Amino acid sequence: MEDYHKPDQQTLQALRNVANRLRINSIKATTAAGSGHPTSCCSVAEIMSVLFFNTMKYRPEDPRNINNDRFVLSKGHAAPVLYAVWAEAGYLKDSELLNLRKVDSILEGHPVPKQQFVDVATGSLGQGLGAACGMAYTGKYFDKASYNVYCLLGDGEMSEGSVWEAMSFASYYQLDNLVAILDINRLGQSDPAPLQHHVEKYQKRCEAFGWNAIIVDGHSVEELTKVLSQPRHQPTAIIAKTIKGKGISAAEDKMGWHGKPLPKEMAEGVMKDIQVRIMNTTKRLYPATPTEDSPPVSLRNVRMPNAPNYKLGEKIATRKAYGMALAKLGRYNEHVVALDGDTKNSTFSELFKNEHPERYVECYIAEQNMVSIAVGCATRDRNVVFASTFATFFTRAYDQLRMAAISESNINLCGSHCGVSIGEDGPSQMGLEDIAMFRAIPTATVFYPSDGVSTEKAVELAANTKGVCFIRTSRPENTILYNSNEDFHVGQAKVVYKTNDDHVTVIGAGVTLHEALAAAEMLKKERINIRVIDPFTIKPLDSKTIIEHAKATRGRIVTVEDHYYEGGLGEAVCSAVVNETGFNVHRMAVAHVPRSGKPTELLKIFGIDRDAIAQAVRKMLSSSANAK
């Protein structure tokens, strides 16, 4: 290689020394903790040494500097070696490593972003490369900056389909600023990895996915420095053949040591053996300074410039209102980006793409990877990220969503085609579990807008709300209920229909809110008045408003939702009123797996239409009268 400048012998020895110190500190930390994965750390010691002290450009005193090269430890169980690296770089004290896994230490069992040198939480295997792709895409196409992204994967996680979704994405978008290092140490947790040490098979697979794939001895600092300094014109996979437990003679390449710390006496003997291999050298290694060409970004006050442009009574599907709102938000905020999974003409994110093609990312039918890309794009506050697909398809990315919460990620997701109201496409396309799914995520906010105005407000609020935001949109066109100047807030419900003498409070959202309003008109002819509430956000739910208005209707509440019973609106309301005395909640939801049919037919069959609501109200009032 004509432009490869081989490091001198002193540098190479210094890199070997660093690798062995990383081994010692990984063993020391895991033995002190009484748990952890020292053998998984030892196989990557040379890789980490060369990456952090010869290849990567970063400021060790400022790990989240926007110009730094990025690193993702996809094999998150090797966290102790990452912590040892940052101690070697001077960011952590060596003594802090002995607090590994303690309840009052930031050095948790797997990487989490409370550590400044960690961008995304890892440990659920197979997700790191997708997040790294999001960072690399941002670097190349949004920031247009010099930083590179490095992702270290284990061979065990190469069995995860999400890894290959990410591989496909990276080659399609020619992410030549992305390097994946595959630690091929042969052994998994309970069995050898399927390809064991057949590194040429890994190479062929990576090449088939459009990557430049190079096999190296993962314990040779010479080979690693050379391959990591090569110019790149496509994403690069470095297939590093390593020995699990390298340096621990009793555990090298042996099953039964995964996730087991060394006993104290054994650890002391091993550390002495490794210490002998550290040669005296005066050479001190420092990372190179990054190029300062990342543009400054402020994500504060991502606002709509004016009120929604809808008229009362006109009709629009909330899925279309989402696309219009997103395009509008992007018009006035250059850091808003949109992702979709080949459903843009159904979710209407195509309206954003048509206006802002350079800020739209097509992720194709790979929803797990789409969520990981979103998380990667959102790191270091570079972008306000929206990702959309059918609500039901987020179920396959649930682990990515769960990890997004652990990553403290601010991502906004829109799930369209919720419920049986989508009609003829049938149950495989109907989001009926999505509210339950997102309600269970601790950092999630769940928006369920019911008209165009509230949808636009939900998009604007989501852009400014921390955590994982989910916006649930519907396929049918529904009437505009709100004036354009209506004020919306997270956790604030709206009373959309009331009289001075209401008998029952009905709570609906999306299509069922409109059915409740139709039921109110029907019941009025029978001199039965109902109060209708739009919760707007299912999480957080406006308990105060619900309780206050339900008291006015003597504790009588009917909830109606286009979702399964479990985990939806009804359960959220029950949780909100559980401590109230004299409350009676009747829940209406989809009771079993639905089928194809016209939306009106399906709402009727599953007992969530206007007639069913009216009947439930009558029944509740007749039960109350009989009870007296």
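Remember, predicted model here, so these are calculated numbers, not experimental data. (Residues numbered from 1 in each chain as written. Predicted model: local features only at pLDDT ≥ 70, side-chain atom pairs only at ≥ 80, totals over all residues. Heavy atoms only, no water.)

S.K.: Help me get a handle on the sheet that holds strand β19 (residues 584-590), residues and values and all.
M.R.: In a beta sheet, neighbouring strands are held together by backbone hydrogen bonds and run either parallel or antiparallel to one another. Strand order in the open sheet made by the 5 strands is β14-β16-β15-β18-β19, with mixed pairing throughout. The sheet is open, and its two borders are formed by β14 (494-497) and β19, each paired with just one other strand. Strand after strand, the sheet turns through a mean of 25° between neighbouring axes, direction not considered. Most of the contacts of helix α19 (residues 569-577) go to strand β18 (residues 556-564), to which it runs at about 145°, and overall it touches β15 (504-508), β18 and β19. Running at roughly 155° to β19, helix α21 (residues 610-627) makes contact with β15, β16 (530-534), β18 and β19 of the sheet. (Pairing = 2+ DSSP bridges. Helix = DSSP H or I, 4+ residues; strand = E, 2+ residues; numbered from the N terminus. Axes fitted to C-alpha atoms, helices over the stretch in contact; angles between N-to-C directions. Contact = heavy atoms within 4.5 Å.)

S.K.: Hey, could you go over the packing of helix α6 (residues 161-172) against helix α13 (residues 367-378) for me, with residue numbers and the actual values?
M.R.: Two elements in contact, α6 and α13, have axes whose closest approach is 9 Å; the angle formed by their N-to-C orientations is 65°. The orientation of α6 with respect to α13, classified from their angle, is roughly perpendicular. Judged by the sense of rotation from one axis to the other, the crossing of α6 with α13 is right-handed. Touching S162, E165, A166 and F169 of α6 are E367, Q368, N369 and I373, all from α13. A class-by-class count of the residues in the contact of α6 with α13 yields 3 nonpolar, 3 polar and 2 charged. (Parallel < 35°, antiparallel > 145°, perpendicular 65-115°, else oblique. Left-handed = near helix turned anticlockwise from the far one by under 90°. Nonpolar A, V, L, I, M, F, W, Y, C, P; charged D, E, K, R; others polar.)

S.K.: Account for the nonpolar core, naming residues and giving values.
M.R.: Ranked by internal contacts, the top residues of the largest apolar core, which has 84 residues, are L129, L178, L339 and F438. With 8 residues, helix α5 (residues 128-142) is the single largest residue contributor to this core. Apart from residues lying up to four places away in sequence, L178 is in contact with L129, A132, C133, A136, V149, A170, W211, P235 and T236. If you look at the next biggest cluster of nonpolar residues, it comprises 47 residues, including F53, A87, F117 and L285. (Core = buried A, V, L, I, M, F, W, Y, C linked by side-chain atoms within 4.5 Å. Buried < 20%, exposed > 50% of the residue type's maximum accessible area, 1.4 Å probe, protein only.)

S.K.: So what's going on with the domain arrangement of the chain? Which residues, and what values?
M.R.: You can read the domains of the chain as domain 1 (9-277), domain 2 (314-480) and domain 3 (494-626). For the pair domain 1 and domain 2, the two sides together bury roughly 2,400 Å², of which 53% comes from carbon and sulfur. The largest contributions to the domain 1 side of the interface with domain 2 come from Q127, F142 and E165, which together make up 24% of the buried area. Between the two partners, domain 1 and domain 2, sit 2 salt bridges. Two residues, R382 and D143, come together in a salt bridge whose shortest N-O distance is 3.0 Å. The interface formed by domain 1 and domain 2 includes 11 residue pairs in polar contact (both at pLDDT 80 or more). Counting only elements with at least two residues in the side of domain 1 that touches domain 2, the list comes to α5 and α6. A per-element tally of the side of domain 1 that touches domain 2 places α5 first, with 8 residues. In the side of domain 1 that touches domain 2, the residues fall into 15 nonpolar, 10 polar and 7 charged. (Domains from an automatic or database assignment. Buried area = accessible area lost by both parts, 1.4 Å probe. Salt bridge = Lys/Arg side-chain N within 4 Å of Asp/Glu carboxyl O. Polar contact = N/O pair within 3.5 Å; in protein donor to acceptor, adjacent residues only side chain to side chain.)

S.K.: Give a description of the pairing of β18 that names residues and reports values.
M.R.: Judged by how many residues are buried, β18 sits mostly within the fold: 9 of 9 residues are covered. Examined bridge by bridge, β18 and β19 share 6 bridges and lie parallel to one another. By the bridge assignment for β19, T559 is matched with R587. Each parallel crossover has a hand, and for β18 linked through α19 to β19 it is right-handed. (Right-handed = clockwise from strand over helix to strand, strands pointing away.)

S.K.: Outline the packing of aromatic side chains, supporting the account with residue identities and numerical values.
M.R.: A full pass over the atoms with the stated rule returns 23 aromatic pairs. Judged by centre distance (6.2 Å) and plane angle (85°), the rings of F394 and F470 are edge-to-face. Of the two residues, F394 is situated in the loop between β9 (384-390) and α14 (398-406) and F470 in strand β12 (residues 468-472); the sequence distance between them amounts to 76 residues. Taking NZ or CZ as reference, R70 lies 3.6 Å from the ring centre of Y147, over its face. (Phe/Tyr/Trp six-rings, centres within 6.5 Å; stacked < 30°, edge-to-face > 60°. Lys NZ or Arg CZ within 6 Å of the ring centre and 35° of its normal.)

S.K.: Please provide a residue-by-residue account of unusual backbone geometry, values included.
M.R.: Of note, the bond from K539 into P540 is cis; its omega dihedral lies within 30 degrees of zero at -5°. Examined against the element boundaries, P540 turns out to sit in the loop between β17 (537-539) and α18 (543-552). The backbone of D381 sits at a positive phi, close to 55°, despite the residue not being glycine. Among the secondary structure elements, D381 is positioned in the loop between α13 and β9. At R527, a residue that is not glycine, the phi angle is positive and equals roughly 60°. Tracing the backbone shows R527 in the loop between α17 (511-524) and β16. Residue classification places R527 among the exposed residues on the basis of a relative accessible area of 73%.

S.K.: Run through α17, naming residues and quoting values.
M.R.: Between its first and last C-alpha, α17 extends 20 Å over 14 residues, near the 20 Å set by a 1.5 Å rise per residue. Most of α17 is tucked away, with 11 of its 14 residues classed as buried. Of the positions making up α17, those classed as buried are V511, T512, L513, H514, E515, A516, L517, A518, A519, A520 and L523. (Expected span 1.5 Å × (residues − 1).)

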